Amino acid sequence: MHKVLRQVLLIIIFFIPIYLSAQTKIISGEVLDKQSDEPISFASVRFLVNGTGMLTDSSGRFSLALNNVGAHDTLQITSVGYTPIKIAETDLKDSSFITIHLILLSQQEVVVKTKYNRALWFWKKIIQHKPANDRRKLNNFSYEVYNKLELDLNNVNKEKLGKTLFLKKLDFVLDYVDSTTEKEPYLPVYLTETLSDYYYQRDPRKTREVIKASITNGLDNESIIKQLGTTYQNIDAYANLIPVFNKMYVGPFSDYGEIYYNFKLLDTQYIAGKRLVHFAFTPKHPGGDLFTGDCWIHDSSFSIQKIMLRPSIDANLNYVTGLTLIQEFKLVNDSIWFLYKDKFVADVSPIGKTHLGFKARKTATYRNVLINSSLVTASLDSNKSNEDILLNKDAQNKPDSFWVQRRHEPLNADEQTVYKVLDTLEKNKTYIHYRNDVNFLTTGTKDIGNIRIGPWYNWISANEYEGTRLRFDAATNMGFNKNLNLGGYLAYGFKDETYKGKAEVKYQLSRTPWSYIDAYYKKDIDNGQVFYDQLGSDNIFAFFFRKPGITYKYQQVTEKKLEYYAETNNGFGFGITGSSRQYEALLNLPGSELYPAKQGEPFNTFETGFRLRYAYQERTFEDNFTRYSLGSDFPIVELHYVHGFPGVFNSSYKYDKVDISVSDYLNVSPYGFLYYNVFAGKSYGTLPYNLLYMLPGNDWYYYSKYSFNLMNRFQYLTDRYAGFSIQHHIGSGIFRYTKLTRKLKLRQFWEAKGIVGNLSDANYQLNFSSGSPFQTLNNKMYLELGTGIDNVLKFFSIDFIWRVLPTPLPEERPQRFGVFFGFNIGL
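Residues numbered from 1 in each chain as written. Predicted model: local features only at pLDDT ≥ 70, side-chain atom pairs only at ≥ 80, totals over all residues. Heavy atoms only, no water.

Caption draft 1: A look at the overall build of the chain. Each helix and strand in the chain was counted, giving twelve helices and 42 strands. Residues counted as buried form 49% of the 827 residues belonging to the chain. Once local pairs closer than 6 in sequence are excluded, the contacts in the chain between residues at least 24 apart make up 62%. Approximately 40,700 Å² of the chain is accessible, and the part contributed by carbon and sulfur atoms is 57%. (Helix = DSSP H or I, 4+ residues; strand = E, 2+ residues; numbered from the N terminus. Buried < 20%, exposed > 50% of the residue type's maximum accessible area, 1.4 Å probe, protein only. Contact = heavy atoms within 4.5 Å. Areas by Shrake-Rupley, 256 points an atom, 1.4 Å probe, with all protein chains shown as cover.)

And the structure:
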């Protein structure tokens, strides 16, 4: 009997643990922000009936044991600022790992009971300690940085896209769509990687970036690759202004942040023995260029350990349905919290939030940090300028083995998929054809072998003198020769039955710093285009936008020009030119017979010129043999001087001209940005109208940034002038006060343009003969004031402009008010 009882007891003892384990369920997982996939630290994860719970760790992870299985329990996940989530216990599998995405509450729904004065005191402490915590305040530092930019198509409907005519031959790409997660189906489509060494010195300010390796997948433009490094991608969470796309947002830790933000203290937690304070911030007013978000602050040094920034709910950003900036900091040398990782995640939906869009993720990680080191100083001593960006020759040719060893973090499954997709597409003729067509449509030019044709918008146009005009441009590209560029165009007018054209030879001496020699011959009508982004008559759209009732005035210019231009590494540029020009009045302008010359031929000139330009730390973009300015944080100054020589190539005139201009963009966030340009010039000598200053007018309803829009071309003549142009793009402005205008994302701006000019008596007598079509300002101010609405339908701007001065004479009937429009595509 005892033997039987003993056996029964052994069986019971054996099966009790099995039974108990069968009644215990282990649940592990991670809690992430749905928009950015960023782990949410210290979120509450708790079973409502059982009471078992915990906070997620710094990586957003948790692990719970539920003992009373079958009690119809519910797992609840909560975090301040997020919509709570509840999951039935029956939906949770034992020993499973789950990923939970939390959705942000709207800004008005965040409720935290706390005292504002305590939070403001804490904010002031953070500001007080900024000099010790902001890395830009250190004497110097350096690090190795790994930048990664990924692009995913989201909301991908395989069935619909597979039936699309243009994608039928590319439907194999849809096999890579990830629809296995709870999130919307997405397709990883693009990835770039860059590995750099970065050096910084505060006083005197110097930076140096050496791009050691780069994978750009089809981008071989060196100027673009340099933009993908860390020099132009740095975000400083302590800064007064923080860049978001092409806007500047006031940061929560700006020196004047208390004017724009409400602050809240949430709770405290410990990580690795360090006490951290959870600190939140929200804008005081809707519609501004401000952030909402939260951060963890080390309570003794008042330094940021982690911060999440999101544009405020009513932020005026086009197409952006979600955006998060994250920065994490780690202790270096047990004393300084230094940037360890930053992340930028943006959801862009051009045709609606529920339709096909894309998600962009930029991640940067930092290693091998040196602070206040002589090694940093030694590296910066080799700089040729105050801001050097160097691309190693073999940077784009690193083998896969290099990246496996040197990446700061391995590629995940999605990122590996990108390379598979791109490798497949680059071998597909249909994809290459589509890509080239899109590029041709958007840029206007197309490369065919070693020849570039276009732009297409100059191919056909029309005007009163030429009638229908055809034009065809062609030039060599860098495939022909990396230094030599041959180009030109041929045009023909069907009414005047005359050919026009241009032939040009350009030799690029250096790209860093920029220098070249250029020679060309051109014979064509003066179409009024001075800047590349200005509308001229030689454009397919110009005929439709011309103001009615304005007399057509045309002259032909034949020009031969030789130019040498070179820049230095510190922002100075020097140019020398020699040119010969012959003018011929064609329509409604005085002819050369009214301007007899003592020497040479009338309207003929030969001049040499000198150009000095200063653009400190200017950012540029290069395309083939043309370079475009992306602006500078400092004013750009240009000085021009020319001297005319009589008797050279039948030239008739001796003269001198001096012109100077200063321009700059100023960030005045949260009130947008302001552009100004002040300029002046003077001509010495007695000259016909085409060699004097013809004030820039605008004959089209298309707004011109560089002209006086209520002034006509060839209207005002002067030999001395001084003027200004101010344009203030405010952002939401008055449109932030109503829900409708905030939803439409309308933007406000105003402008003022003025100029004073006059003519010498000799130039007045020469050019103002009987029936002269010109006017002069007689030292009076010409002034235009305007305001308008930008971002209409996310594409257009409408400008309302008034001519304020000068007061017209009784017999004059100038246009005193006008409505103009423009295109402005951007975020």
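What follows picks up the thread again.
Caption draft 2: Region of the structure containing the packing of aromatic side chains. The final tally for this structure, using the stated rule, is 52 aromatic pairs. Centre to centre, the rings of Phe-606 and Phe-645 are 6.3 Å apart; their planes meet at 50 degrees, and the pair counts as tilted. In this pair, Phe-606 is assigned in strand 30 (residues 604-615) and Phe-645 in the loop between strand 33 (636-644) and strand 34 (655-667), connecting sequence segments 39 residues apart. For Phe-606, a relative accessible area of 16% translates into the label buried. Note on Phe-645: relative accessible area 33%, which makes it partly exposed. Members of the aromatic cluster, connected to one another through ring pairs, are Trp-121, Phe-122, Trp-123, Phe-253, Tyr-261, Phe-263, Phe-279, Phe-281 and Phe-302. (Phe/Tyr/Trp six-rings, centres within 6.5 Å; stacked < 30°, edge-to-face > 60°.)

Caption draft 3: Local environment of the nonpolar core. Ranked by internal contacts, the top residues of the largest apolar core, which has 52 residues, are Phe-253, Phe-279, Phe-281 and Phe-291. Looking at this core element by element, the count peaks at seven residues for strand 18 (residues 336-348). Counting 19 residues, the second largest nonpolar core, distinct from the first, contains Leu-64, Ile-100, Leu-102 and Ile-326. (Core = buried A, V, L, I, M, F, W, Y, C linked by side-chain atoms within 4.5 Å.)

Caption draft 4: The arrangement of unusual backbone geometry in detail. In the segment running from Asp-203 into Pro-204, the intervening peptide bond is cis, with an omega of -10 degrees. Looking at the secondary structure, you find Pro-204 in the loop between strand 9 (186-201) and strand 10 (206-215). Cis geometry marks the peptide bond from Leu-805 to Pro-806; its omega dihedral reads -5 degrees. By secondary structure assignment, the location of Pro-806 is in the loop between strand 41 (796-805) and strand 42 (817-823). In this structure, Asn-372 takes a positive phi of about 50 degrees despite not being glycine. Topologically, Asn-372 is positioned in the loop between strand 19 (357-371) and helix 6 (374-380).

Caption draft 5: Structural detail: the environment of Ile-307. Locating Ile-307 in the fold gives a position in strand 16 (residues 304-311). Judged by relative accessible area, which is 1%, Ile-307 ranks as buried. For the pair Ile-307 and Asp-342, spaced 35 residues apart in the sequence, the C-alpha separation amounts to 9.5 Å. Setting aside its immediate chain neighbours within four residues, Ile-307 contacts Ala-237, Phe-253, Phe-281, Asp-294, Cys-295, Leu-325, Ile-326 and Gln-327.

Caption draft 6: Seen up close, helix 8 (residues 413-425). Taking 1.5 Å of rise per residue, 13 residues should cover 18 Å, and helix 8 covers 19 Å from first to last C-alpha, within 8% of that figure. Buried within helix 8 are the following residues: Asp-414, Glu-415, Thr-417, Val-418, Val-421, Leu-422 and Leu-425. Down the axis of helix 8, the smallest arc covering the buried residues is 150 degrees, so these residues share one side. Its side-chain oxygen placed 2.8 Å from the backbone nitrogen of Glu-415, Asn-412 serves as the N-cap of helix 8. (Expected span 1.5 Å × (residues − 1). Arc of directions from axis to C-beta. Polar contact = N/O pair within 3.5 Å; in protein donor to acceptor, adjacent residues only side chain to side chain.)

Caption draft 7: Up close: the pattern of salt bridges. Overall, the coordinates contain 36 salt bridges when judged by the stated rule. A salt bridge links Asp-33 to Arg-310, with the nearest nitrogen and oxygen atoms 3.3 Å apart. Remark: Arg-310 occurs in strand 16 and Asp-33 occurs in strand 1 (residues 25-33); sequence separation between them is 277 residues. Taking the relative accessible area as the measure of exposure, Arg-310 reaches 8% and is therefore buried. The partner of Arg-627 in a salt bridge is Glu-567, and the shortest N-O contact between them spans 2.5 Å. Of this pair, Arg-627 sits in strand 32 (residues 626-631) while Glu-567 is found in strand 28 (residues 554-567), placing the two residues 60 residues apart along the sequence. Assessed through its relative accessible area of 15%, Glu-567 is described here as buried. Several salt bridges share partner residues, and in doing so they unite Glu-466, Arg-469, Arg-471, Asp-473, Asp-496, Lys-500, Asp-524 and Asp-538 into one network. (Salt bridge = Lys/Arg side-chain N within 4 Å of Asp/Glu carboxyl O.)

Caption draft 8: Here's a closer look at the sheet that holds strand 5 (residues 74-78). One open sheet accounts for four strands, arranged 3-2-5-6; its pairing is antiparallel. The open sheet has two free edges, formed respectively by strand 3 (53-55) and strand 6 (85-88), since each of these has just one partner strand. The sheet shows a mean angle of 15 degrees between the axes of neighbouring strands, taken without regard to direction. As paired elements, strand 2 (residues 44-47) and strand 3 share three bridges and run antiparallel to each other. Note that in strand 3 the partner of Val-45 across the bridge is Met-54. (Pairing = 2+ DSSP bridges. Axes fitted to C-alpha atoms, helices over the stretch in contact; angles between N-to-C directions.)

Caption draft 9: Main features of helix 9 (residues 429-443). For helix 9, spanning 15 residues, the distance from its first C-alpha to its last is 21 Å, which sits close to the expected 21 Å at 1.5 Å a residue. At the exit of helix 9 stands Gly-444, carrying a positive phi of roughly 95 degrees.

Caption draft 10: Quick peek at the environment of Ala-237. Within the secondary structure, Ala-237 sits in the loop between helix 5 (222-227) and strand 11 (241-244). You can call Ala-237 buried: its relative accessible area is 1%. Ala-237 sits 103 residues away from Asp-134 along the chain, and the two C-alpha atoms are 8.4 Å apart. If near-sequence neighbours (up to four positions away) are discounted, Ala-237 is found in contact with Ile-242, Phe-253, Ile-304, Ile-307 and Gln-327.

Caption draft 11: Highlighting the sheet that holds strand 7 (residues 96-102). The three strands are arranged 4-1-7 in an open sheet whose pairing can be described as mixed. Looking at strand neighbours, the two that pair on one side only are strand 4 (61-66) and strand 7, the edges of this open sheet. The sheet shows a mean angle of 30 degrees between the axes of neighbouring strands, taken without regard to direction.

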